[in-house]
Amino acid sequence: MLTIAVSKGRIYEEALPLLAEVGIEPIDDPKTCRKLILRTTRDDVQLVIIRATDVPTFVEYGAADLGIAGKDVLLEHGAESLYEPLDLNIARCRLMTAAHKNAPPPYGRIRVATKYVKIAQKYFASQGIQAEIIKLYGSMELAPLVGLADCIVDLVDTGNTLRANDLEPREHIMDISSRLVVNKAAMKMKNQAIASLLDQLEKNIAQKN
Ligand SMILES: Nc1ncnc2c1ncn2[C@@H]1O[C@H](COP(=O)(O)OP(=O)(O)OP(=O)(O)O)[C@@H](O)[C@H]1O
Ligand SMILES: O=P(O)(O)OC[C@H]1O[C@H](OP(=O)(O)OP(=O)(O)O)[C@H](O)[C@@H]1O
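Note that the structure is predicted; figures quoted are calculated from it, not measured. (Residues numbered from 1 in each chain as written. Chains lettered and ligands numbered in written order. Predicted model: local features only at pLDDT ≥ 70, side-chain atom pairs only at ≥ 80, totals over all residues. Heavy atoms only, no water.)

## Some words on the overall build of the chain
Next, step 1: A count of helical and extended segments in the chain gives eight helices and 11 strands.
Next, step 2: Taking all 209 residues of the chain together, 45% fall into the buried category.
Next, step 3: For the chain, contacts bridging at least 24 residues in sequence account for 66% of all contacts bridging at least 6.
Next, step 4: Put simply, the chain shows about 11,300 Å² of open surface, and 51% of that area lies on carbon and sulfur atoms.
Next, step 5: For the chain, the distance from the average site of its 26 positive side-chain charges to the average site of its 27 negative ones is 2 Å. (Helix = DSSP H or I, 4+ residues; strand = E, 2+ residues; numbered from the N terminus. Buried < 20%, exposed > 50% of the residue type's maximum accessible area, 1.4 Å probe, protein only. Contact = heavy atoms within 4.5 Å. Areas by Shrake-Rupley, 256 points an atom, 1.4 Å probe, with all protein chains shown as cover. Lys, Arg positive; Asp, Glu negative; His and termini not counted. Charge placed at Lys NZ, Arg CZ, Asp CG, Glu CD.)

In structure tokens form, the structure reads like this:
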């Protein structure tokens with residue numbers, strides 16, 4: 001049995017067609033059923049439905065053989081203990097700094113609100129900017145509006161969330177997409193099944209790009 005960890009929402013929706021192309025279709029819909037383990041049309045594959053930020057943990061400990069996670073989550077988690085063999089090219093967005101549209105460029109020591117503490121620390125250090133990082137778990141856009149921070153580090157896709165809150169994108173930190181990650185022991189123990197799945201997915205993704 002191969003267990004694949006996927007988060008509900010955006011990644012699940014975008015991963016479904018890719019999985020369907022390799023014959024993996026969940027039998028239940030996580031939107032309407034409360035099951036966390038979903039059997040699929042392939043007897044040898046099941047999905048576990050977890051929070052996006054928990055995917056690296058499940059795969060690292062071997063609770064799932066494979067997982068689908070955003071590069072943002074993998075970098076923040078520190079996923080050196082996982083294999084990351086495939087860019088699935090889904091859930092694409094950009095990790096950026098953003099500030100109020102009237103705010104001056106950063107000067108001196110700045111306060112930054114983000115859920116990406118490690119990535120932000122590394123980024124500002126690389127820019128030679130002194131930054132105090134304030135960890136938030138959501139609604140980062142609010143922080144500059146209420147004086148909690150000078151700027152934020154967050155994901156940007158259409159830019160609608162920033163615009164709706166009078167913020168504007170500033171520095172582009174990196175492009176983000178979702179990756180297939182694999183538990184290192186599973187890669188050895190279940191090599192045939194995993195290699196074959198990787199191979200099929202890779203071919204299908206290459207055809208699209
Ligand atoms: N607006 C977006 N456009 C495209 N991809 C995005 C966007 N927002 C997030 N992503 C990608 O999708 C992944 C999952 O995001 P999602 O919003 O589904 O979960 P989350 O709410 O951030 O996670 P958690 O439930 O663990 O807090 C992110 O890690 C990122 O890689
Ligand atoms: O540029 P946009 O297209 O507006 O997308 C960016 C927004 O998308 C993500 O939030 P999400 O929709 O996942 O909400 P959440 O962080 O509250 O889960 C991200 O945290 C931004 O707030």
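## Quick word on the domain arrangement of the chain
Next, step 1: Here the chain is partitioned into domain 1 (2-91 + 177-208) and domain 2 (93-176).
Next, step 2: For domain 1 versus domain 2, the separation of C-alpha centres amounts to 29 Å.
Next, step 3: Counting each side, the surface lost to burial between domain 1 and domain 2 is near 740 Å², with a carbon and sulfur contribution of 55%.
Next, step 4: Among the residues of domain 1 in contact with domain 2, Asp-72, Leu-75 and Glu-76 are the three that bury the most area, contributing 70% of the side total.
Next, step 5: Counting across the interface, domain 1 meets domain 2 through zero salt bridges.
Next, step 6: Applying the counting criterion to the domain 1 and domain 2 interface returns five residue pairs in polar contact (both at pLDDT 80 or more).
Next, step 7: Considered class by class, the residues forming the side of domain 1 that touches domain 2 number two nonpolar, three polar and three charged. (Domains from an automatic or database assignment. Buried area = accessible area lost by both parts, 1.4 Å probe. Salt bridge = Lys/Arg side-chain N within 4 Å of Asp/Glu carboxyl O. Polar contact = N/O pair within 3.5 Å; in protein donor to acceptor, adjacent residues only side chain to side chain. Nonpolar A, V, L, I, M, F, W, Y, C, P; charged D, E, K, R; others polar.)

## As for the sheet that holds strand 1 (residues 2-7)
Next, step 1: With respect to topology, six strands assemble into an open sheet ordered 2-3-1-4-11-5, the strand pairing being mixed. Two strands in the sheet have a free side with no partner beyond their single neighbour: strand 2 (37-39) and strand 5 (82-87). In this sheet, adjacent strand axes meet at a mean angle of 30° when their direction is disregarded.
Next, step 2: Note that strand 1 and strand 3 (residues 45-50) share six bridges and pair parallel. Within strand 3, the position partnered with Val-6 by the bridge is Ile-49.
Next, step 3: Here helix 1 (residues 10-21) sits on the sheet in contact with strand 1, strand 2, strand 3, strand 4 (66-70) and strand 11 (178-183), set at roughly 140° to strand 1.
Next, step 4: Strands strand 1, strand 4, strand 5 and strand 11 of the sheet are contacted by helix 8 (residues 191-208), whose axis makes an angle of about 30° with strand 5. (Pairing = 2+ DSSP bridges. Axes fitted to C-alpha atoms, helices over the stretch in contact; angles between N-to-C directions.)

## Brief notes about the site of ligand 2
Next, step 1: Around ligand 2, the structure places Arg-10, Glu-141, Asp-154, Leu-155, Val-156, Asp-157, Thr-158, Gly-159, Asn-160 and Thr-161.
Next, step 2: The separation between an oxygen atom of ligand 2 and a polar side-chain atom of Arg-10 is 2.9 Å.
Next, step 3: Glu-141 is positioned with one of its side-chain polar atoms (N or O) 2.9 Å from an oxygen atom of ligand 2.
Next, step 4: Computed on the free molecule, ligand 2 has an accessible area of 500 Å², of which 60% lies beneath the protein chains in the complex.
Next, step 5: Here ligand 2 is seated within the largest pocket.
Next, step 6: Along the lines of polarity and charge, the residues of the shell around ligand 2 split into two nonpolar, four polar and four charged. (Near = heavy atom within 4 Å. 1 Å grid on protein atoms, 1.4 Å probe; cavity = no way out; pocket = protein on both sides within 12 Å on 5 of 7 lines; lining within 4 Å. Sits in = over half its atoms within 2 Å of the grid points.)

## Concerning helix 8
Next, step 1: Across its 18 residues, helix 8 extends 26 Å between first and last C-alpha, which sits within 8% of the 26 Å expected from 1.5 Å per residue.
Next, step 2: Here helix 8 has its buried residues at Ile-194, Leu-197, Leu-198, Leu-201, Asn-204 and Ile-205. Projected onto a plane normal to the axis of helix 8, the buried residues spread over an arc of 140° and lie on a single side. Turned more than 90 degrees away from the buried face of helix 8 sit Gln-192, Lys-203, Ala-206 and Gln-207, all of them exposed.
Next, step 3: For helix 8, the elements touching its buried residues are strand 1, helix 1, strand 4, strand 5, strand 11 and helix 7 (184-189). (Expected span 1.5 Å × (residues − 1). Arc of directions from axis to C-beta.)

## What about the pairing of strand 9 (residues 151-156)?
Along a regular strand, successive side chains alternate from one face of the sheet to the other.
Next, step 1: Among the six residues of strand 9, five are classified as buried, and the element is accordingly described as predominantly covered.
Next, step 2: Where strand 6 (residues 93-100) lies against strand 9, six bridges are found, and the strand directions are antiparallel. Bridging from a neighbouring strand, Ala-99 pairs with Cys-151 of strand 9.
Next, step 3: Sheet topology places strand 7 (residues 110-114) next to strand 9; three bridges connect them, and they run parallel.

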